[in-house]
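For reference, the chains in residue letters:
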Amino acid sequence: MTAISNMPQISKKKTGNKNHYTFSQTPIMSTYLIYLGVGEFEFLSSKLGKVLVRIVTTKGNKSKGKLALDLTKKFLRYYETYFGIKYPLPKLDMIAVPDFAAGAMENWGAITFRETILLYDSKTSSTKTKQYIAEVISHELAHQWFGNLVTMKWWNDLWLNESFATYMATKIVDAFYPQWDLWDQFLESSMGAAMALDGLKTSHPIDVKVRKPSEIREIFDSISYDKGGCILRMLEYYVGSKNFKNGLHSYLTKYKYKNAAGQDLWNSIGKTSKKPVQSMMNSWIKQIGFPLVNVEKKNSKLVLTQKRFLLEEDKKHQKGLWQIPITVGTKNPPTKLMIKKTESFSLQKQIIPVVNSSKKSFFRIRYDEELLSSLKPLVENNTLNNIDRWNLQNDLFTICVSGNENISKYLDFTDAYHQEKNYLSSANVANNLNFLYLISFHETFVDDIKQYAYDYFRNLFDRLGWDAKKNEKHTDTLLRGTVILVLGKLEDQEILDEAERRFDAHVKNKKIIKPDLSEVVFSLAAWNGNEQTFEKLIKLYRKASTQEVKLRVLGAICYFKDEKLLFKTLKFILTNEVRSQNLALPIIRIAGNPYGKKIMWPWLKKNWRLLNQKFGHGNPIANRIVASISLFANDTMQKEIKNFFKKNPTPGTEMTLAQTLERIRIHSRFLKHLKTQFQ
Ligand SMILES: [Zn+2]
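Described below are features of the structure shown in this document.

Thresholds, definitions, all that
Residues numbered from 1 in each chain as written. Predicted model: local features only at pLDDT ≥ 70, side-chain atom pairs only at ≥ 80, totals over all residues. Heavy atoms only, no water. Helix = DSSP H or I, 4+ residues; strand = E, 2+ residues; numbered from the N terminus. Rg over C-alpha atoms; globule rule 2.2 N^0.38 Å. Buried < 20%, exposed > 50% of the residue type's maximum accessible area, 1.4 Å probe, protein only. Contact = heavy atoms within 4.5 Å. Lys, Arg positive; Asp, Glu negative; His and termini not counted. Charge placed at Lys NZ, Arg CZ, Asp CG, Glu CD. Donors = N, O, S within 2.8 Å, 3.2 Å for Na, K, Ca; no water. Axes fitted to C-alpha atoms, helices over the stretch in contact; angles between N-to-C directions. Parallel < 35°, antiparallel > 145°, perpendicular 65-115°, else oblique. Left-handed = near helix turned anticlockwise from the far one by under 90°. Nonpolar A, V, L, I, M, F, W, Y, C, P; charged D, E, K, R; others polar. Pairing = 2+ DSSP bridges. Expected span 1.5 Å × (residues − 1). 1 Å grid on protein atoms, 1.4 Å probe; cavity = no way out; pocket = protein on both sides within 12 Å on 5 of 7 lines; lining within 4 Å. Points joined across faces, edges and corners; volume = space filled by probe spheres on them. Salt bridge = Lys/Arg side-chain N within 4 Å of Asp/Glu carboxyl O.

1. Description of the overall build of the chain
Stage number 1. Scanning the chain for helices and strands turns up 25 helices and 17 strands.
Stage number 2. On C-alpha atoms alone, the chain measures out to a radius of gyration of 25 Å, which is about the 26 Å that the 2.2 N^0.38 rule sets for 679 residues.
Stage number 3. In terms of overall dimensions, the chain has C-alpha extents of about 85 × 65 × 55 Å along its principal axes.
Stage number 4. Across the 679 residues that make up the chain, the buried fraction comes to 59%.
Stage number 5. Long-range pairs, those at least 24 residues apart, make up 69% of the contacts in the chain between residues at least 6 apart in sequence.
Stage number 6. Distance from the positive charge centre (101 side chains) to the negative charge centre (67 side chains) of the chain: 7 Å.

This is the structure:
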């Protein structure tokens, strides 16, 4: 057995049958960052200057730490240069932990990760895993300065740690892997998640009052990570990257080994940029929600009006006024701070009337009819950049979900995207159509939507095909899986047959499926499968040598159509063969499976106590499971769900429950609206 802590070991003495370890003293630090680990470890070590860097694994796994070691050294050096401050400790351990509720934890000098987020095996790991490992390492390393060297004064500023780590993670990985188009992915996933949550009236301000531990846990959410990250991105655009970096440097230098508040950072960046950073930032972090800006053309002017964007409109929650950095036009337009409810901007003839080009600021737009139809051809002929193309339909779709526009308008508009080759729009239109298909799955009009979605996905598939092309774009690799999976679920017989063929060859060891495709093929085998398929998949699960491969199979056995087999899956996940840290994934998958809709709620109620025992008090997995209820429930179940959680209180999920109920209402109302349009 070996012991590890934040600082290097200075001595080890044997007393009786025990070992006594002594570690050197840490600098002044916060208690939440203390680490002590004991176990049978293997080490993969290297040096970066004077700093000892080690990947720490359980026995037999150290060779899978090579990628992590390489990335850690690269990123650590980059951070030192970017912040202008050396990594302050003599060593850095990156520890892969077999069972871990969270994804990773930034303990100073002894960072812990789930095995799936640190260990990489080129034979069995997917492209997505490689990218994720890079992102999480980068995120945790950012904390070594942001959070560890300078710690927030109180938990209300937790967001600053997480937003910064989220934002910097993307920035640094992008510097090393520009071909991954991480900023595009950031918009689709992080900004998408942030706006989806913050469009609820049950959202919360970034800077929120925190009084007890269960409230702390609830704010480790998309508002702190993703919305915060988007607000920092907006700030960097607003002040310029040089001022942003210099402001950070002076903040970290001034407060190192101390506590600081968000306001201290705005002061630093305000000083270096000579812009009203404090008041601008306060309007974004102290207020709940974000704006929807209406854009109307009046003669040679664009008139912009801001109000709070809500997915479920409610007069009581409409208040809000933001200081929004605004641009009009597409070619390096100047930025103006919009501080009033309504402001007008002059529009010269040659300027394309796109507001907030490249979505630098955090808001949605509703263009008037005439403007929107004038922009559609500019999507079709790629005059607009990829982010603007993505954003136009993205805002329009969300406005449809909020009930303020007919879906036919969205479907007409997306005609312009059938030849789209860029990842952002392709992925987002795909996600939106998939959402439409799943929400109307059991309705009589589903065939209309199915046909439209089918044409769109088939088009994408014709470009991507089954197998990766030599030197293809990273994002094409990521997109392929979704496209094939959805086509299968749209009952494309050719796709289902090919998946079946590949699955059989894989099971018989004739041709092993490449890591990027295996989850999709397994999932479609289940979708189209029976009892025997279930047994074959369970065998693959048991045979899998890594957690990553096990998780892929675990996800796949949630795609059966037969309720009996889904029950078998649910029974299986409660056995000792599935680690409690992995419970959320299968539950969310079955909740999202249209054939699992009926069985999930009774099963959850019956097993809630057992589940709670399994993942333990205060585990964030509980929040993910509560949130998954919105995937299968409708508004007639609201009362019952509320009552159930009243009788079975689960501290730390109160806000998530309120958000889940709101989502259920929004989905039900959207579905009703769809019915009136299609019938
Ligand atoms: Zn973090």
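2. Some words on the coordination of the zinc ion
By definition of the ideal shapes, a tetrahedral metal site with four donors has angles of 109.5 degrees and an octahedral site with six donors has angles of 90 or 180 degrees.
Stage number 1. Protein-derived coordination of the zinc ion comes from His-139 (NE2), His-143 (NE2) and Glu-162 (OE), at a distance range of 2.0 to 2.1 Å.
Stage number 2. Read in sequence order, the donor residues coordinating the zinc ion give the pattern H-x3-H-x18-E. Taken together, the residues His-139 in helix α2 (residues 127-145) and Glu-162 in helix α3 (residues 158-176) connect sequence positions 23 residues apart.
Stage number 3. Glu-162 gets classed as buried once you look at its relative accessible area, which sits at 3%.

3. Topic: the side chain of Thr-650
Stage number 1. For Thr-650, the position within the fold is in the loop between α24 (638-647) and α25 (654-678).
Stage number 2. Residues contacting Thr-650, with those up to four places away along its chain left out, are Trp-608, Asn-612, Ala-622 and Phe-645.

4. Quick look at the environment of Asp-174
Stage number 1. With respect to the secondary-structure elements, Asp-174 resides in helix α3.
Stage number 2. Taking the C-alpha atoms as reference points, Asp-174 and Ala-134, 40 residues apart in sequence, are found 9.9 Å from one another.
Stage number 3. Asp-174 has contacts with Leu-182 and Trp-183, leaving out every residue within four places of it along the chain.

5. Observations concerning the packing of helix α18 (residues 531-543) against helix α19 (residues 547-556)
Stage number 1. It is the contact of α18 with α19, at a shortest axis distance of 8 Å, that shows an interaxial angle of 160 degrees. Looking at the two axes, α18 sits roughly antiparallel to α19. Considering only the axes of α18 and α19, their crossing is left-handed. Touching Leu-537, Leu-540, Tyr-541 and Arg-542 of α18 are Lys-550, Val-553 and Leu-554, all from α19.
Stage number 2. Across the contact of α18 with α19, the residue classes break down as five nonpolar, no polar and two charged.

6. Considering the pairing of strand β12 (residues 291-298)
Stage number 1. In this structure, β12 lies alongside strand β13 (residues 301-308), joined through eight bridges in antiparallel fashion. Bridge assignment links Asn-294 to a residue of β13, and that residue is Thr-305.
Stage number 2. Joining the antiparallel neighbours β12 and β13 is a turn of two residues, in which Asn-299 adopts a positive phi near 55 degrees.
Stage number 3. The pairing of β12 with strand β17 (residues 364-367) spans four bridges and is parallel. Within β17, the residue paired with Val-293 across the bridge is Ile-365.

7. Focus on helix α1 (residues 66-83)
Stage number 1. Between the first and last C-alpha of α1 there are 26 Å, a value that for 18 residues agrees with the 26 Å anticipated at 1.5 Å per step.
Stage number 2. Among the residues making up α1, those that are buried are Leu-67, Ala-68, Leu-69, Leu-71, Thr-72, Phe-75, Leu-76, Tyr-79, Glu-80, Tyr-82 and Phe-83.
Stage number 3. Positive backbone phi, at 70 degrees, marks Gly-84, one or two positions downstream of α1.

8. Some thoughts on empty space enclosed by the protein
Stage number 1. In the structure shown here, the tally under the stated rule is two cavities of 30 Å³ or more.
Stage number 2. Put simply, the largest cavity is a space of about 50 Å³.
Stage number 3. Forming the walls of the largest cavity are Val-354, Val-355, Asn-356, Ser-357, Ile-365, Tyr-367, Asp-388, Asn-391, Leu-392 and Asp-395.
Stage number 4. Counting residues per element, the ones that place at least two in the lining of the largest cavity are β17 and α11 (386-401).
Stage number 5. Taken together, the residues that form the lining of the largest cavity break down as five nonpolar, three polar and two charged.

9. Section: the packing of α3 against helix α6 (residues 222-239)
Stage number 1. Relative orientation of the contacting elements α3 and α6 amounts to 65 degrees, with a least axis distance of 7 Å. When the axis of α3 is compared with that of α6, the two are roughly perpendicular. For the element pair α3 and α6, the recorded crossing hand is right-handed. Seen from α3, the contacting residues are Leu-158, Trp-159, Glu-162, Ser-163, Phe-164, Thr-166, Tyr-167 and Lys-171; seen from α6, they are Ser-224, Tyr-225, Asp-226, Gly-228, Gly-229, Leu-232, Arg-233 and Glu-236.
Stage number 2. Classifying every residue of the contact of α3 with α6 by side-chain character gives six nonpolar, five polar and five charged.

10. Structural notes on the sheet that holds strand β6 (residues 51-58)
Stage number 1. Taking strand neighbours across the sheet as the criterion, the five strands line up as β5-β6-β7-β9-β8 in an open arrangement whose pairing is mixed. Among the strands making up the open sheet, the edge pair consists of β5 (41-48) and β8 (104-105).
Stage number 2. In terms of strand pairing, strand β7 (residues 91-97) meets strand β9 (residues 110-114) through five bridges, oriented parallel. When the sheet's bridge partners are listed, Ala-96 is paired in β9 with Phe-113.
Stage number 3. In the packing of α1 onto the sheet, the strands contacted are β5, β6 and β7, and the crossing angle to β5 comes to about 35 degrees.
Stage number 4. Sitting on the sheet, α2 is in contact with β7, β8 and β9, with an inclination near 155 degrees to β9.

11. Some points on the pattern of salt bridges
Stage number 1. Following the criterion strictly, the structure yields 37 salt bridges and no others.
Stage number 2. The shortest N-O distance in the salt bridge between Asp-314 and Lys-201 comes to 2.8 Å. With Asp-314 in the loop between β13 and β14 (324-326) and Lys-201 in the loop between α4 (182-198) and α5 (213-218), this pair connects stretches of sequence that are 113 residues apart. An identical accessibility class is assigned to Asp-314 and Lys-201; each is buried.
Stage number 3. One connected set of salt bridges, linked through shared partners, spans Lys-201, Glu-312, Asp-314 and Arg-665.

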